[in-house]
Amino acid sequence: MIGGMKTRTASRLVWALSTSIAAVFAIGLLWPNSEDSLFLSSVGLPFLVVGAFVARQRPKNPIGWLFLAFSGSAAVAFTGMRYWASGPVGAGSRPGAALAASLAIHLWHPSFSLFILSFLLFPDGRLLSRRWVWPARVTVALGVLGVVSGMLEHGFYKEFLPNEPVLPAPLVTGPVADVAAIVFSFCVLALVGGVLVLSSLSTFLRFRRSVGAVRQQMKWVMSAIVLLAIAIPGSVFFLSQVYGVYLLPLIPISAGIAILRYRLFDIDVIINRALVYGALTAALVLVYAASVVAMGAIAGALSPEGNNNLAVAGSTLVVAALFGPFRRNVQSFIDRRFYRHKYDAEQTVAQFSARLRDQ
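Per chain, residue numbering runs from 1 following the sequence as it is written. This being a predicted model, a pLDDT of at least 70 is required before a residue's local features are given, and a value of 80 or more before pairs of side-chain atoms are given or counted; all residues contribute to the totals for chains, interfaces and linings. To obtain the side-chain values, all non-hydrogen atoms of the structure were used and water was disregarded.

**Comments concerning the layout of surface pockets**
Roughly 1200 Å³ of volume is contained in the largest pocket. Cavities and pockets are found on a 1 Å grid laid over the protein atoms alone: a cavity is a set of points where a 1.4 Å probe fits but cannot escape, a pocket is an open set with protein on both sides within 12 Å along at least five of seven lines, and a lining residue has an atom within 4 Å of such a point. Phe 39, Trp 108, Phe 112, Val 242 and Val 245 are, among the 28 residues lining the largest pocket, the residues nearest its centre. Only runs of H or I of at least four residues qualify as helices and only runs of E of at least two qualify as strands under DSSP, and these elements are numbered from the N terminus. Counting residues per element, the ones that place at least two in the lining of the largest pocket are helix H2 (35-57), helix H5 (112-121), helix H7 (156-160), helix H8 (175-209) and helix H9 (212-239). Ranked by residue count, the leading element in the lining of the largest pocket is H8, at five residues. In this classification, Asp, Glu, Lys and Arg are treated as charged, Ala, Val, Leu, Ile, Met, Phe, Trp, Tyr, Cys and Pro as nonpolar, and every other residue, Gly included, as polar. The class makeup of the residues in the lining of the largest pocket is 22 nonpolar, three polar and three charged. Grid points are joined across faces, edges and corners, and a volume is the space filled by probe spheres set on the points.

The following block contains the structure:
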């Protein structure tokens, strides 16, 4: 009976929190659009949905509640930024717009402490060992100190709103604001550059020590982390923009699947296909580029006018012809290197089938 009461109370609390956060997002939609606020909504809404599901199904696991809190900070930042930018006579002309902008700007980065805590506690809601108590405490302290100092500083506005002609008025000026700016910068750098690395190390160590279902849970989140680690610097290098950060919702989605153990063991199939088709795509792109260059050079040598269309068509045919053999060879290499048990089983079945045919 007591357990049922606790479950009903948790369900009501989840419903109240998720509804309130969704309402804050909805209020933000009443005001004009801005690029920064779109990013906040695209990240915050997946955390809201997954956090609500996890907190409802696993109320004793703090990760669902942390996801809800993180989405709540994104909702406040989303709505605060839109409120600031939507003044009737220009940005900041609404009552309390400076306070809303300060809260929106200074809440977002310190709220990553909630995200980091979820890493430290994944997947069962407990730390890896007693040694990780202090990193968890430091994470909480940096988050709280970052919010408090952020509300007292003003220098970060220029970095967060580089294209705004008018910046929010400072809430505090003088030496207090100068000291607060230093403290806020330290908190943000310590969270993103220090504690986040430690939490990733904790996740990696837990993965190394895990077995059975826990290992499958860790695979889901580790796969999302690896994909983000490739996408973020890759988007900066090739596109000169941090578009890879829009894949951040993969973290709560993968964590939610792992915690709820929904299609838990499908991760091996996903990883296998990602390795195969990722390597296959890279190989075919290289072949296609080399083929276009080679055929273009040959066409240019045979004809002064050249014909780039023939080079492209010929390269496409070459890639189409190589797709099947390449895929089989890459699949065989991946299975042999990373899925040895599957490769050995397939070899045993093939040998047995060959003996049956001979007999």
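**Details of the environment of Val 188**
Looking at the secondary structure, you find Val 188 in helix H8. It is 7.9 Å that separates the C-alpha atoms of Val 188 and Leu 142, two residues lying 46 residues apart in sequence. Residues in contact with Val 188, not counting those within four places in the same chain, are His 109 and Gly 193. Note on contacts: a residue pair qualifies if any of its non-hydrogen atoms lie within 4.5 Å across the two residues.

**Here's the deal with the packing of aromatic side chains**
Stacked, edge-to-face and tilted labels apply to pairs of Phe, Tyr and Trp rings (six-membered ring for Trp) whose centres lie within 6.5 Å, assigned for plane angles under 30 degrees, over 60, and everything in between, in that order. Taken as a whole and assessed by the stated rule, the structure comprises ten aromatic pairs. A ring pair is formed by Phe 70 and Phe 112, whose centres lie 5.4 Å apart and whose planes are at 80°; its orientation type is edge-to-face. Of this pair, Phe 70 sits in helix H3 (residues 62-85) while Phe 112 sits in helix H5, and the two are 42 residues apart along the sequence. Among the aromatic side chains, those forming a connected cluster through ring pairs are Phe 47, Phe 67, Phe 70, Trp 108, Phe 112, Phe 115 and Phe 119. Charges are assigned to positions over rings by a cutoff of 6 Å between ring centre and Lys NZ or Arg CZ, combined with an angular limit of 35 degrees from the ring normal. Cation over ring: Arg 137 sits above Trp 134, and NZ or CZ is 5.2 Å from the ring centre. Over the face of the ring belonging to Phe 207 we find Arg 215, whose NZ or CZ atom lies 4.4 Å from the ring centre.

**Regarding the packing of H5 against helix H6 (residues 133-152)**
Comment: axis = line fitted to C-alpha atoms, over the contacting stretch for helices; angle = value between 0 and 180 degrees taken between N-to-C directions. Look at H5 against H6: their axes get within 9 Å of each other, and the N-to-C directions meet at 165°. Between H5 and H6, the angle is such that the two are roughly antiparallel. In this structure, H5 meets H6 at a crossing whose hand is left-handed. Here H5 contributes Ser 113, Ile 116, Leu 117 and Leu 120 to the contact with H6, which in turn contributes Pro 135, Ala 136, Thr 139, Val 140 and Gly 143. When its residues are assigned to classes, the contact of H5 with H6 shows six nonpolar, three polar and no charged. Roughly parallel means an angle under 35 degrees; roughly antiparallel, over 145; roughly perpendicular, 65 to 115; everything else is oblique. Whether a crossing is left-handed or right-handed is set by the direction in which the near helix is turned from the far one by less than a right angle, anticlockwise for left-handed and clockwise for right-handed.

**As for empty space enclosed by the protein**
Counted according to the given criterion, the structure contains one cavity of 30 Å³ or more. The computed volume of the largest cavity comes to approximately 40 Å³. Lining of the largest cavity is provided by Ile 63, Phe 67, Ser 118, Phe 119, Phe 122, Val 221, Ile 251 and Ala 255. Those elements that provide at least two residues to the lining of the largest cavity are H3, H5 and helix H10 (250-260).

**Let's talk about H6**
A helix's residues, less one, multiplied by 1.5 Å, set its expected span. Helix length check: H6, at 20 residues, gives a terminal C-alpha distance of 29 Å against a target of 28 Å (1.5 Å per residue), a fit within 8%. All of the buried residues along H6 are Pro 135, Ala 136, Thr 139, Leu 142, Gly 143, Gly 146, Ser 149, Gly 150 and Met 151. Packed against the buried residues of H6 are helix H4 (97-108), H5 and H8. The cut-offs for exposure are 20% and 50% of the maximum accessible area for each residue type, with area from a 1.4 Å probe on protein chains only; residues under the lower value are buried, those over the upper are exposed, and the others partly exposed.

**Remarks on the pattern of salt bridges**
By convention in these notes, a salt bridge is any Lys or Arg side-chain nitrogen within 4 Å of a carboxyl oxygen on Asp or Glu. Applying the stated rule across the entire model yields two salt bridges. Linking Arg 126 and Asp 124 is a salt bridge whose minimum nitrogen-to-oxygen distance equals 3.2 Å. By relative accessible area, Arg 126 is classed as exposed at 54%. For Asp 124, a relative accessible area of 36% translates into the label partly exposed.

**Things to note about a nonpolar patch on the surface**
Together, Val 140, Val 144, Val 148, Leu 152 and Val 176 give the surface a local cluster of nonpolar side chains, amounting to about 390 Å² of exposed area. Its location among the elements puts Val 140 in helix H6. Patch membership is restricted to residues that have no salt bridge and whose relative accessible area is over 30%. Joining uses 9 Å for like charges and 5 Å for the nonpolar side chains Val, Leu, Ile, Met, Phe, Trp and Tyr. Throughout, the Shrake-Rupley method with a 1.4 Å probe supplies accessible areas, and for residues the shown protein chains are the sole cover considered.

**Notes on the environment of Ser 118**
Within the element layout of this structure, Ser 118 appears in helix H5. The residues touching Ser 118, leaving out its near neighbours within four places in the chain, are Ile 63, Leu 66 and Phe 67.

**Structural notes on the confidence of the model for the protein chain**
Here the protein chain averages 79 in pLDDT, and 79% of its residues register 70 or above. pLDDT is defined as a per-residue confidence score from the predictor, taking values between 0 and 100. Least confident of the elements in the protein chain is helix H13 (residues 340-358), whose mean pLDDT is 62; most confident is H6, at 91. The low-confidence segment residues 1-5, where pLDDT is below 50, has zero contacts with residues more than four positions distant or belonging to other chains.

**Digging into H10**
Of the residues making up H10, those classed as buried are Ile 251, Pro 252, Ser 254, Ala 255, Gly 256, Ala 258 and Ile 259. One or two steps after H10, the chain reaches Arg 261, where phi turns positive at roughly 55°.

**Concerning the packing of H6 against H8**
Relative orientation of the contacting elements H6 and H8 amounts to 145°, with a least axis distance of 8 Å. Taken as a pair, H6 and H8 cross one another with a handedness that is left-handed. Contact with H6, carried on its side by Pro 135, Val 138, Thr 139, Leu 142, Gly 143, Leu 145, Gly 146, Ser 149, Gly 150 and Leu 152, involves Val 176, Ala 177, Ala 180, Val 183, Phe 184, Phe 186, Cys 187, Ala 190, Leu 191 and Val 195 of H8 and no other residues of that element. Of the residues assigned to the contact of H6 with H8, the class counts are 15 nonpolar, five polar and no charged.

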